[in-house]
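Commentary on secondary and tertiary structure
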Amino acid sequence: MSLANGGRSILVRRLIAATLLTGGTSLLAAAPSSIVILAEGQRREVVTVQGRGDVELVAIDQVVSGLGVSLTSDPGGTAATLTFQKREIAVYKGKSLASVGGDLRLLSAPVVYDHGKWLVPVDSLARLLQPLLGIKVEWRPSARVVLFGNTGIPRVTVSAFLTGDAARVVFDASEKVPFRIHQEEGRVTVAVPRDVVDPVLQQERMTGGIVEQIQFVGGRENVFVITLGKRFQQVKAFEQEQPPRLVLDFQPIAPAAGTPAARAPAQAPRAPALDAAGIRTVVIDPGHGGNDLGAQGKGGLLEKDVTLGIARRLRAALTNNLGLQVFLTRDRDQEISLDDRTAIANNYKADLFISIHANASRARSATGSEVYFLSYQASDEESRRVAQSEGLALPPSAAASAGGAGGAGGDLALILWDMAQAEHLEESSLLAMRVQEELAAATGTDRRGVKQAPFRVLVGAAMPAVLVEIAFISNPEEEKLLAQDVFQARVAAALARGVGRYDQEYAQRAGSAVTLSRPGGQ
Ligand SMILES: [Zn+2]
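Some remarks on the sheet that holds strand β5 (residues 79–84)
Reading across the sheet, the five strands line up as β4-β5-β6-β7-β8 and stay open at both edges, with antiparallel pairing between neighbours. The open sheet terminates on both sides in strands that have one partner only, identified here as β4 (70–73) and β8 (103–106). The mean inter-strand angle of the sheet, taken between neighbouring strand axes irrespective of direction, is 25 degrees. Across four bridges, the pairing between β4 and β5 is antiparallel. Bridged to S73 within β5 is A80.

Quick look at the structure:
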């Protein structure tokens, strides 16, 4: 048979694939030139070739091998028919069309006939094979896998963010998977030795020089590579079962003696020993009060009233559902300074501090809930604005020495490290995640996510602490919701569930912490 049109432009990638497969010792053997077929618990790798214009093609007979599909070519090599049970599809040389039970379906690129092989676009496999086989067929580009039937593959979602001066990378898995962590020169690898995983990277730009980059490189062990920055000192790993999660905390090197930052702790401050007894006392802080009205909705709703209503309902939920002891920083319309609010929590020796607020934005279309924990640097411009409107974290002296709003650098970091909240940031971030997840699920608002900003009201809290912006009082629809008892109760129940999940995970973490030290390092 002669080469089909376009045959000359086919770049055979078998050689690359072969090289990668023989380098079996390397965890990093990504094989971009093959795809994985996952059918009825069987895993096969099939080599792909590159067609014209970067289209990735695969031999259809190899994809359906073992599935009971028969393939016949017409004598002239212009068409091929695939048959399964009584169903039939046909593909045509040089055409981006297939005939599926008499209907024409468009493919993403022309079919190529080369050396007796029918090559079809990888991203069109599902639309060809699903009607033929009568089962669900799905192409997952990120995992490079074609799934037949209801074969589930675990999704691993990686998120990275800064907590104080440390960097945290979290691997959330949709089901229990093994995580294997290796520290090598200049990088940490995390392998997930399952047949195949679906990686989702939610990468924020990593500043601070501790962690530079996170990549999924795949390979047989589904490897993620975390490239370390110059300031990296050591990594601590925490694994938890429910939900399945791996948390890596990357801590920075101590600054050289004599620099202004030398007073900062060499590593992130050691988190207080986890107390297996869990959470007993929670202080809820209804934002604003008295002459401090907070934000105001167009319909006249006041933030200070909403926060008190939700705080009271949250107290009831935490007391009734979780048996916790709960105090409010104010139980009436009363003005309290930001510093006094955390002082109250500290006096009660609270295990958690939750400050309740309602958001406002000049953009009336802004909606959704946000959960914050403290940082010396806002995670984005919007967070900075929110922190500003709720009262900035900086004591006047700190603001002066940090040189204004742009001064999110060393001096300010140093000041915040001296503050009570610094040693609770890890726990605060975990609490924030749980609360945010429950809140987003309950309110059906888009997930605005966990954020960080320099909120003054959190600085003095000597316990895990979060600030919740329930919804936007500036948005007319959300203002209406915020005024409703039903909505307030739903929000309170969600916040309580978040606290409950955090509490459970906290108990599990007590005792499951491992420390990986830097080889040859301190
Ligand atoms: Zn507020």
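After presenting the structure, the write-up continues.
A few points about the packing of helix α4 (residues 303–322) against helix α12 (residues 485–509)
Two elements in contact, α4 and α12, have axes separated by 8 Å at closest approach and are oriented at 50 degrees. Classified by the angle between their axes, α4 and α12 sit oblique to one another. Crossing of α4 over α12 shows right-handed handedness. Residues G309, I310, R313, L314, A317, L318, N321 and L322 of α4 form the contact with α12, whose own contacting residues are Q488, A489, V491, A492, A493, L495, A496, V499 and G500. Among the residues forming the contact of α4 with α12, the class breakdown is twelve nonpolar, four polar and one charged.

Considerations on the sheet that holds strand β23 (residues 325–328)
The strand order across the open sheet built from six strands is β23-β22-β24-β27-β25-β26, with neighbouring strands paired in mixed fashion. Looking at the sheet topology across the chains shown, the edges are occupied by β23 and β26 (450–453). Ignoring which end each strand starts from, the neighbouring axes of this sheet average 25 degrees apart. Here strand β25 (residues 370–374) pairs with β26 via four bridges, running parallel.

Criteria and cut-off values
- Residues numbered from 1 in each chain as written.
- Predicted model: local features only at pLDDT ≥ 70, side-chain atom pairs only at ≥ 80, totals over all residues.
- Pairing = 2+ DSSP bridges.
- Helix = DSSP H or I, 4+ residues; strand = E, 2+ residues; numbered from the N terminus.
- Axes fitted to C-alpha atoms, helices over the stretch in contact; angles between N-to-C directions.
- Parallel < 35°, antiparallel > 145°, perpendicular 65-115°, else oblique.
- Left-handed = near helix turned anticlockwise from the far one by under 90°.
- Contact = placed C-beta atoms within 7 Å.
- Nonpolar A, V, L, I, M, F, W, Y, C, P; charged D, E, K, R; others polar.

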